[in-house]
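Descriptive structure summary
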Amino acid sequence: MSRVTGITRLAAAMCAVVALLAGNLEATQAAAAAESAARVTVTYVNPQNFSEAREFGQQDRFRSVDYLGSLQTHLIKRATRMLPPDQRLEVTVTDIKLAGSYEPWRGPRMNDVRIMKDVYPPRIDLTFKLTGADGAVLREGSRTLRNLGYLHSGLANRGDTDPLRYDKTLLDDWLRRGPDAL
């Protein structure tokens, strides 16, 4: 009986240690997320006037997925990995047109289906400012991100089912060049 009690005490102690470590892990992850947010900021200027919003308004099925939040989170995560620890990146997005489009002439059953064709490429317009540890501006400018061959990139064949995969890839391609070539 005492052995069972000993195992139970040991198990309880181990559970307490795991819980303590898990709490520290969550705190560490929260601190890392706060640090990422501090090093990379993404701002949307008049998102109600973006090409995507003007063209499709409430019809866009991505609104339920919050495409602005998803793209913002993706950009912060990827840019944080790319930046040296002492640099800061501020991105201001001025326009977005998601990959694909709606073709209502296909009938009422197709009103909410986004059709992917070469004539509907993803587009993101942005400005950015990259600063060093001393606050000096290292690079700044505006970019017009386009991928006219997005359907030929092979993403559809990789099994990626993220509805924003082409738009996120557009951002990844821009960041892949590194901070010296933004």
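**Observations regarding the nonpolar core**
Membership of the largest hydrophobic core comes to 28 residues, with the highest contact counts inside it found for L89, V91, I96 and W174. It is helix 3 (residues 67-82) that provides the largest number of residues to this core, a total of seven residues. Look past the residues within four positions of L89 in its chain and what remains in contact with it is R39, V40, T41, A79, L83, F128, K129, L130, L175 and L182.

**Some thoughts on the confidence of the model for the protein**
With 72% of its residues at a pLDDT of at least 70, the protein reaches an overall mean of 80. Looking across the protein, the model is least confident in helix 1 (residues 2-39), with a mean pLDDT of 51, and most confident in strand 5 (residues 123-131), with 98. Ignoring residues within four places in sequence, the model shows residues 1-11, a span with pLDDT below 50, making zero contacts including any to other chains.

**Things to note about helix 3**
The end-to-end C-alpha distance of helix 3, which contains 16 residues, comes to 22 Å, matching closely the 22 Å that a straight helix rising 1.5 Å per residue would cover. Among all positions in helix 3, only Y67, L68, G69, L71, H74, L75, I76, A79, T80 and M82 are buried.

**A few points about the packing of aromatic side chains**
Overall, the coordinates contain three aromatic pairs when judged by the stated rule. Summarising the aromatic geometry, the rings of Y44 and F50 are spaced 6.0 Å apart at their centres and angled 65 degrees between planes, so their arrangement reads as edge-to-face. You can call Y44 buried: its relative accessible area is 18%. Given a relative accessible area of 0%, F50 falls into the buried group.

**Considerations on the environment of G141**
When you line up the elements, G141 lands in strand 6 (residues 137-146). With relative accessibility at 24%, the residue G141 sits in the partly exposed group. Taking the C-alpha atoms as reference, G141 lies 5.6 Å from T127; in sequence the two are 14 residues apart. Discounting residues that sit within four places of it in the chain, G141 has contacts with L126, T127 and F128.

**Describing the packing of helix 3 against helix 4 (residues 165-176)**
The geometry of helix 3 relative to helix 4 is characterised by a closest axis approach of 10 Å and an angle of 25 degrees between their N-to-C directions. Between helix 3 and helix 4, the interaxial angle falls into the category roughly parallel. Remark: the crossing between helix 3 and helix 4 carries right-handed chirality. Between helix 3, through S70, L71, H74, L75, R78, A79 and M82, and helix 4, the contact on the second element is made entirely by D167, K168, L171, D172, W174 and L175. Split into classes, the residues belonging to the contact of helix 3 with helix 4 amount to seven nonpolar, two polar and four charged.

**Quick notes on unusual backbone geometry**
One non-glycine residue, N46, adopts positive backbone phi at about 50 degrees. Classification of N46 as partly exposed rests on a relative accessible area of 41%.

**As for the pairing of strand 1 (residues 40-44)**
The two faces of strand 1 differ: V40, V42 and Y44 on one face are buried, but T41 and T43 on the other face are not. Both strand 1 and strand 2 (residues 88-97) contribute to a ladder of five bridges, which runs parallel. Along strand 2, the bridge assignment pairs T41 with E90.

Criteria and cut-off values
Residues numbered from 1 in each chain as written. Predicted model: local features only at pLDDT ≥ 70, side-chain atom pairs only at ≥ 80, totals over all residues. Heavy atoms only, no water. Core = buried A, V, L, I, M, F, W, Y, C linked by side-chain atoms within 4.5 Å. Buried < 20%, exposed > 50% of the residue type's maximum accessible area, 1.4 Å probe, protein only. Helix = DSSP H or I, 4+ residues; strand = E, 2+ residues; numbered from the N terminus. Contact = heavy atoms within 4.5 Å. pLDDT = per-residue confidence, 0-100. Expected span 1.5 Å × (residues − 1). Phe/Tyr/Trp six-rings, centres within 6.5 Å; stacked < 30°, edge-to-face > 60°. Axes fitted to C-alpha atoms, helices over the stretch in contact; angles between N-to-C directions. Parallel < 35°, antiparallel > 145°, perpendicular 65-115°, else oblique. Left-handed = near helix turned anticlockwise from the far one by under 90°. Nonpolar A, V, L, I, M, F, W, Y, C, P; charged D, E, K, R; others polar. Pairing = 2+ DSSP bridges.

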